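# Topology and contacts: notes
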Amino acid sequence: MPDDLRSVKQRLAPRLLAIDGVTGVGLREDRLVVYLEGPGDGARRRVSALVEGEAPGTVVEYFESGEFRRVN
Amino acid sequence: MKRHEIPHELNTAKHTAISRYLSDRTAAMARAPWARSAHPARNLLGVGIGHKITKGKVTAKPCVRLYLEHKIDRALIPRDLLLPPNIGDVETDVIETGVLRALAVPAGRKRQRPLRPGCSIGFRFADDEAGNLMAGTLGAIVEGDGVRYLLSNNHVLANENRLPVGAIIFQPGPLDGGGAADDRVATLTRFVELTADAPNAVDCALAAVDEATAVRATVLPRVGRLAGAEPVDAAVGMKVEKTGRATGYTTGTVHDVSADVQVLFDLGKLTFQDQVVIDGDDGPFCDGGDSGSLVVDQGTGRATGLLFGGGRVGIVNHLGDVLTRLAVKLVV
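The structure contained in this document is the topic of the report that follows. (Residues numbered from 1 in each chain as written. Chains lettered and ligands numbered in written order. Predicted model: local features only at pLDDT ≥ 70, side-chain atom pairs only at ≥ 80, totals over all residues. Heavy atoms only, no water.)

## A closer look at the overall build of chain A
Worth spelling out the cut-off: The secondary structure listing takes helices from DSSP runs of H or I that are at least 4 residues long and strands from runs of E that are at least 2 residues long, numbered from the N terminus. Relative accessibility decides the category of a residue: with a 1.4 Å probe and only protein chains considered, values under 20% of the type maximum give buried, values over 50% give exposed, and everything between is partly exposed. By definition in these notes, contact holds between two residues if any of their heavy atoms fall within 4.5 Å. Computed with a 1.4 Å probe, the accessible areas rest on the Shrake-Rupley method; for each residue, only the protein chains presented here act as cover. Counted as positive: Lys and Arg. Counted as negative: Asp and Glu, with His and the chain ends omitted from the count. Think of each charge as sitting on NZ of Lys, CZ of Arg, CG of Asp or CD of Glu.
When you go through chain A residue by residue, the secondary structure sums to two helices and four strands. Across chain A, helices and strands are ordered from the amino to the carboxyl terminus as α-β-β-α-β-β. The 72 residues of chain A split such that 49% are buried. The contacts in chain A between residues at least 6 apart in sequence include a share of 55% that link residues at least 24 apart. Element-wise, carbon and sulfur atoms account for 46% of the exposed surface of chain A, whose accessible area totals about 3,600 Å². For chain A, the distance from the average position of its 11 positive side-chain charges to the average position of its 12 negative side-chain charges is 4 Å.

Right, here's the structure in full:
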């Protein structure tokens, strides 16, 4: 996994997690993975604008994970 | 159609079917295991009321439903054993259900002596939370400074930082009927504090095993005995398994090993950095009550994570981080 992708994740994660509907930010092979509560377009648009502005060319994979809760 | 709205003639037809086919169950008991009987007394398992299903579609026509263990081609059934197309003026509909069985209580929710990872554990709520019931999962038996501990999550053993050291841990957890004096198995010893003010890395705690409590490190079926005490680092694509108190044995695939996620706790929405994300192979990897389950790499048979959260996927701490923060080693 490229080091620069790790640093992109580290730099952008707090701002991505602040977007309503984003539940997580991770890495998978050569992509940034953004975990979403649901299928709405709003969060995707805001994520896309942020990543494009701050780290152009970064490939983003969206994963609808639902909201995360402790499991008991 | 609600229960109190069922017309009288439908109820009458249903009760006719019950008295005709379900009242003599002795014949059903006598069947050989390899045989399939067309006899209604042996094949009919239930009678109900609903809308008739024709060519796979639910119609508006009310009917009496006849639930069969096996649907058998009408041409193969002796004429005197055929179920009627009508009972009085009400049509019948035959639905195949397979054998109906009582849902068994998962092994992990029962009392386990010796204690084994995968079983139900928990604490009793106190003060303004008294009356609530909880249960989580025992992840592993670990050791440090010659003391044996139960390893699980902070929120399973320490109620999200709120329980004092020395709090009593029960097996099974109170939600599964534990809480009596002889269900006591351990006492809360230490935990890594959960915080809403900064990112977290782990959700973990230890409870020292009572002298009188027998423990065995082998995880409940089908995970079994770990191949070694050293954890293995999770990797994307790794096939994993766990046994938990709620969903029992499940398998999954590692989707991510460095996810920063927000997880809902009583303390609020907590951020966890560099977590493992696991996608269930055949349905959900976990559910409420599985917190604390040990996640094991199927390839090496060694442990890789400690489950604590989830949505449509499981969220897991790296086990190496957990063991380092608590300064303990796995017992195998």
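## What about the sheet that holds strand β11 (residues 205-209) of chain B?
Residue and element names in this part refer to chain B. How we decide: Whether two strands pair depends on DSSP finding at least two bridges between them. Only the contacting stretch of a helix is used when fitting its axis, a line to C-alpha atoms as for every element, and angles between N-to-C directions run 0 to 180 degrees.
Taken in spatial order, the six strands make up an open sheet running β9-β10-β11-β8-β7-β18, and their pairing is antiparallel. Two strands close off the open sheet at either side, each with one partner strand: β9 (168-170) and β18 (329-330). Pairing geometry for strand β7 (residues 140-144) and β18, over two bridges, is antiparallel. Across the sheet, the residue bridging to valine 142 is leucine 330, located in β18. Along the sheet, helix α5 (residues 319-326) contacts β7, β8 (147-152), β10 (184-191), β11 and β18; its crossing angle with β8, the most-contacted strand, is approximately 135 degrees.

## Description of the interface of chain B and chain A
Inclusion rule: For this document, the term salt bridge refers to a Lys or Arg side-chain nitrogen within 4 Å of an Asp or Glu carboxyl oxygen. Polar contact is defined as a pair of N or O atoms within 3.5 Å, subject to the rule that within protein one atom must be able to donate a hydrogen and the other to accept it, and that residues adjacent in sequence are counted only when both atoms are side-chain atoms. Throughout this entry, Asp, Glu, Lys and Arg are counted as charged residues, while Ala, Val, Leu, Ile, Met, Phe, Trp, Tyr, Cys and Pro are counted as nonpolar. The remaining residues, Gly among them, count as polar.
Of the residues lining the interface, 38 residues belong to chain B; the matching set on chain A comes to 24 residues. In this assembly, chain B and chain A are joined by four salt bridges. Note that arginine 70 of chain A and aspartate 266 of chain B form a salt bridge whose closest N and O atoms lie 3.8 Å from each other. At the boundary of chain B and chain A, one finds 20 residue pairs in polar contact (both at pLDDT 80 or more). Where the side of chain B that touches chain A is concerned, the elements lending two or more residues are α4 (154-157), β13 (248-265), β14 (268-280) and β16 (303-310) of chain B. Per-element accounting of the side of chain B that touches chain A gives the leading share, eleven residues, to β13 of chain B. A per-class count over the side of chain B that touches chain A returns 16 nonpolar, twelve polar and ten charged. Inspection of the sheet shows strand β4 (residues 68-70) of chain A paired to β16 of chain B by two bridges, in the antiparallel sense.

## Observations concerning the nonpolar core
All names here are of chain B. For the record, the criterion: Residues belong to one nonpolar core when they are buried, are Ala, Val, Leu, Ile, Met, Phe, Trp, Tyr or Cys, and are joined through side-chain atoms within 4.5 Å.
Grouped together as the largest cluster of nonpolar side chains are 24 residues, with contacts concentrated most on Ile121, Leu138, Leu150, Leu157, Ile169 and Leu188. Mapped onto this core, the elements with two or more residues apiece are α4, β10 and β11. The contacts of leucine 138, once residues within four sequence positions are left out, are Leu115, Arg116, Pro117, Gly118, Cys119, Ile121, Leu150, Leu151 and Gly292. Core analysis: the second largest hydrophobic core is formed by 22 residues, Ala140, Val192, Cys204 and Leu323 among them.

## Description of the pairing of strand β4 (residues 90-96) of chain B
All names here are of chain B. As judged from the five bridges shared by strand β2 (residues 57-68) and β4, these two strands associate in the parallel manner. Looking at the pairing, tyrosine 67 lines up with isoleucine 95 of β4. Inspection of the sheet shows strand β3 (residues 86-87) paired to β4 by two bridges, in the antiparallel sense. Bridging across to β4, isoleucine 87 finds its partner in valine 90.

## Things to note about the pattern of salt bridges
Tallied over the entire structure, the rule returns 19 salt bridges over all chains. Between aspartate 30 of chain A and arginine 31 of chain A there is a salt bridge whose closest N-O contact spans 3.5 Å. In this structure, the salt-bridge partner of arginine 70 of chain A is glutamate 160 of chain B, at a minimum N-O distance of 2.5 Å. Of the two residues, arginine 70 of chain A is situated in strand β4 and glutamate 160 of chain B in the loop between α4 and β9; the pairing between them involves two chains.

## Notes on the packing of aromatic side chains
To be explicit about the condition: Each Phe, Tyr or Trp ring, with Trp reduced to its six-membered ring, pairs with another whose centre is within 6.5 Å; inter-plane angles below 30 degrees give stacked pairs, above 60 give edge-to-face pairs, and intermediate values give tilted ones. Two conditions define a charge located above a ring, namely a distance within 6 Å from the ring centre to NZ of Lys or CZ of Arg, and an angle within 35 degrees of the ring normal.
Applying the stated criterion across every chain yields a total of six aromatic pairs over all chains. Relative to phenylalanine 272 of chain B, the ring of phenylalanine 265 of chain B lies with its centre 5.7 Å away and its plane at 25 degrees, an arrangement referred to as stacked. Note on accessibility: phenylalanine 265 of chain B and phenylalanine 272 of chain B belong to one class, buried. In textbook terms, an aromatic cluster arises when at least three aromatic residues are bridged by ring pairs, as seen for Tyr35, Phe63 and Phe68 of chain A. If you follow arginine 190 of chain B out to its NZ or CZ, it ends over the ring of tyrosine 149 of chain B, 5.4 Å from the centre. Across the ring face of phenylalanine 285 of chain B, the terminal group of lysine 242 of chain B is positioned such that the distance to the ring centre comes to 5.6 Å.

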